[in-house]
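Residues per chain are reported as follows:
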Amino acid sequence: MIVAKFGGSSLANATQFQKVRDIILADSGRTLIVPSAPGKRYDKDEKVTDLLFRCHREQKEGISFEPTFERICQRYLDIAYGLQLTLNLQPHFDQIRQQITSGASADYCASRGEYLNGILLAEYLDFDFLDAAEVILFDEKGVFDPEKTNIVLEKALKNYKKVVIPGFYGGSHDGNIRVFSRGGSDITGAIVARAAQADLYENWTDVSGFLMADPRIVHNPKPISHITYHEMHELCSAGATVLHEDCVFPVRYAGIPTNIRNTNFPVHPGTMITCTAIQREDFAIFAGVAGKKGFSLLVLEKEAPDRSWSFVQGVLEGAKNCGLAFQYLPSGVNCACLLVETKQLYSYIDGFKAEMEKLEMPHFLAIQNEIAGIVLVGYGIVQNRETVNRIYEILQRQGIDVVVINQGCGELSTWVGVPEDKMEEAIRAIYSEFV
Ligand code: ASP
């Protein structure tokens, strides 16, 4: 059984709906479908969700939301017309208009994009429609309740063979609609996959999976054929735009693989994300490379070296006490380096210095700013002991300083700090060396 989630660009117009139906019909396992709201049809177009948020704003500011609302209705009418559906959407439009007029919440307004698209898609596929408000549950504070949802949803799904459940929103027991953060249909898809104990969670979008590097930096990077959830998490924290942790948690927890696929190029296998590592088809040493700017390196060195660990312990305690979070900690007995985000360093440095004074261990403190962190992620790195040498060599050849390097921490990634203005050049060099 497959849960297939389709993003906004996959359902932006009637032609896209047709592609989606072809995909669903091509595999009889695709029985649980989670749609987003219609996205952009062309570059300057607006997403239905953005228009719905605007309706809410306009109503609040006392401006007529009618012209914006008309545009929304027209999007759905165009799709219905293009698919020759006879379904009457007018009662839904009337109800939503009336709710907005009487001051419905922003969450309610935004959720109607997925709601209406779900109704249309269910009609087009001849599937049942299950309103997410009944099965995706939020508590009274508006926080998603994963366990309650899982119980209720699992039970509800037993009543359906083929069903469409709109993404992005759910309901709380007081009857209010709540939405996830933007792009939240991905989360709904993962929640449904977990409750259904699906064999696979397919996430259909407009790209053929994740890329091994940012295409704005590396020309035409290769797609990632296979990656583990753990590797993806590492890439994500290094700045790559991959699936958000909230979308990953339910499926990872349930041991369900995720497959990122392209609605516009369905024969491409996309990126497969699994819980455990398998040999990558292309034998790539690493899954991907990503980089992030805006780091500072705090170097603390004890004036009188000794063999105890108390200095490093003190530094860590000091960071904890003043709330200074760090990304990496390359350290020795008498020296600790904390890599921190520069923007948070400014808010915490005075508190941190005060904490360090309390230690009563004379030390030197140096701060190096404008560092970019580049991370190579992949299980293959640990089997390939030459990785660090090769990184050094290639960066040296390019005349790029290595500020700091951290290999195999967690046996999954190698982290390299370079000057910020050299980040793109360094990523390109590393990518071409290894891929
Ligand atoms: N329609 C919502 C958004 O635009 C949610 C989604 O597409 O996943 O953010």
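Cut-offs used in this document
Residues numbered from 1 in each chain as written. Predicted model: local features only at pLDDT ≥ 70, side-chain atom pairs only at ≥ 80, totals over all residues. Heavy atoms only, no water. Salt bridge = Lys/Arg side-chain N within 4 Å of Asp/Glu carboxyl O. Buried < 20%, exposed > 50% of the residue type's maximum accessible area, 1.4 Å probe, protein only. Helix = DSSP H or I, 4+ residues; strand = E, 2+ residues; numbered from the N terminus. 1 Å grid on protein atoms, 1.4 Å probe; cavity = no way out; pocket = protein on both sides within 12 Å on 5 of 7 lines; lining within 4 Å. Points joined across faces, edges and corners; volume = space filled by probe spheres on them. Near = heavy atom within 4 Å. Polar contact = N/O pair within 3.5 Å; in protein donor to acceptor, adjacent residues only side chain to side chain. Areas by Shrake-Rupley, 256 points an atom, 1.4 Å probe, with all protein chains shown as cover. Nonpolar A, V, L, I, M, F, W, Y, C, P; charged D, E, K, R; others polar. Disulfide = S-S within 2.5 Å. Phe/Tyr/Trp six-rings, centres within 6.5 Å; stacked < 30°, edge-to-face > 60°. Lys NZ or Arg CZ within 6 Å of the ring centre and 35° of its normal. Expected span 1.5 Å × (residues − 1). Arc of directions from axis to C-beta. Contact = heavy atoms within 4.5 Å. Pairing = 2+ DSSP bridges. Axes fitted to C-alpha atoms, helices over the stretch in contact; angles between N-to-C directions.

**Student:** It is not clear to me how the pattern of salt bridges should be interpreted in this structure. Could you clarify?
**Tutor:** Opposite charge on two side chains permits pairing when their charged atoms draw close. Tallied over the entire structure, the rule returns 20 salt bridges. Among the salt bridges present, the one from Asp45 reaches Arg41, with a minimum N-O distance of 2.7 Å. Owing to a relative accessible area of 6%, Asp45 belongs among the buried residues under this scheme. Note that Lys358 and Glu355 form a salt bridge whose closest N and O atoms lie 3.2 Å from each other. Linking Lys358 with Glu355, this pair stays in helix H12 (residues 342-358), spanning 3 residues, or about one helical turn. Classification of Lys358 by relative accessible area gives exposed; the value is 61%. Judged by its relative accessible area of 15%, Glu355 falls in the buried class. Each of Glu66, Glu70, Asp94 and Arg97 takes part in salt bridges that share partners, so that together they form one network.

**Student:** Help me understand empty space enclosed by the protein, please; the structure alone is not making it clear to me.
**Tutor:** Taking a probe equal in size to a water molecule and rolling it over the atoms shows the remaining empty space. Per the counting criterion, the structure on display carries 1 cavity of 30 Å³ or more. Of the pockets and cavities examined, the largest cavity occupies roughly 30 Å³. Together, Ser237, Ala238, Lys292, Phe295, Gln327, Tyr328, Gly373, Val375 and Trp415 line the largest cavity. For the lining of the largest cavity, the secondary structure elements donating two or more residues are strand S12 (288-302) and strand S14 (363-377).

**Student:** Help me out: how do you make sense of the site of the ligand in this one?
**Tutor:** Around the ligand, the neighbouring residues are Ser36, Thr49, Glu114, Phe168, Arg182, Gly183, Gly184 and Ser185. Interatomic distance of 3.3 Å between a side-chain N/O atom of Ser36 and an oxygen atom of the ligand. Interatomic distance of 2.6 Å between a side-chain N/O atom of Glu114 and a nitrogen atom of the ligand. The protein chains hide 91% of the 260 Å² of surface that the ligand would expose on its own. Looking at side-chain class alone, the shell around the ligand contains 1 nonpolar, 5 polar and 2 charged residues.

**Student:** Any chance you could explain the state of the cysteines here in plain terms?
**Tutor:** Each disulfide is one covalent bond, formed between the sulfur atoms of two cysteines. One pass over the full model with this rule turns up 0 disulfides. For Cys335, which is in no disulfide, the shortest distance to another cysteine sulfur is to Cys337 and amounts to 4.2 Å. For Cys337, a relative accessible area of 14% puts it in the buried group.

**Student:** Sorry if this is basic, but what is going on with the packing of aromatic side chains here?
**Tutor:** With the rule as written, the count across this model stands at 9 aromatic pairs. Each ring, one from Phe144 and one from Phe180, has its centre 5.4 Å from the other, and the planes form 70°; the classification is edge-to-face. Of the two residues, Phe144 sits in the loop between strand S4 (137-138) and helix H7 (146-157) while Phe180 sits in the loop between strand S7 (177-179) and helix H8 (185-196), which places them 36 residues apart along the sequence. Residue Phe180 is classed as buried on the basis of its relative accessible area of 11%. Connected via pairs of aromatic rings, a cluster forms that spans Phe138, Phe144 and Phe180. The side chain of Arg112 reaches across the aromatic face of Tyr115, ending 4.3 Å from its centre. In this arrangement the basic side chain of Arg112 is found over the ring face of Tyr169, its NZ or CZ atom lying 5.2 Å from the centre.

**Student:** Just to check I follow, could you spell out helix H3 (residues 66-82) for this structure?
**Tutor:** Each turn of an α-helix holds 3.6 residues, which means side chains three or four residues apart point in the same direction. Taking 1.5 Å per residue as the helical rise, H3 with its 17 residues ought to reach 24 Å, and the 24 Å between its terminal C-alpha atoms agrees with that figure. Along H3, the residues classified as buried are Thr68, Phe69, Ile72, Cys73, Arg75, Tyr76, Ile79 and Ala80. Take H3 and look down its axis: the buried residues cluster within an arc of 140°, on one side only. Residues of H3 that are exposed and point over 90 degrees away from its buried face: Pro67 and Tyr81. On its buried face, H3 sits against helix H1 (14-26), helix H2 (48-60), helix H4 (90-101) and helix H5 (106-125). Where H3 terminates, the next one or two residues include Gln84, which has phi positive at roughly 55°.

**Student:** Please explain the sheet that holds S7 as it appears in this structure.
**Tutor:** Pairing between the strands of a sheet is mediated by backbone hydrogen bonds and can be parallel or antiparallel. Read across the open sheet, the 3 strands follow the order S4-S6-S7; overall the sheet is mixed. Two strands bound the open sheet, and with one partner strand each, they are S4 and S7. Pairing between strand S6 (residues 169-172) and S7: 3 bridges, direction antiparallel. Directly across from Gly171, in S7, lies its bridge partner Ile177. Most of the contacts of H5 go to S7, to which it runs at about 80°, and overall it touches S6 and S7.

**Student:** Whenever I open this one, the pairing of strand S8 (residues 200-205) confuses me. Can you help?
**Tutor:** Each regular strand displays side chains that alternate between the two surfaces of the sheet. Taken across its 6 residues, S8 has 6 buried, putting it largely inside the fold. Inspection of the sheet shows strand S1 (residues 2-6) paired to S8 by 5 bridges, in the parallel sense. If you follow Lys5 over to S8, its bridge partner there is Asn203. Here 5 bridges tie S8 to strand S10 (residues 258-262), and the two strands are oriented parallel to one another. Bridge assignment links Asn203 to a residue of S10, and that residue is Ile260.

All we've got here are geometric facts, nothing functional implied.
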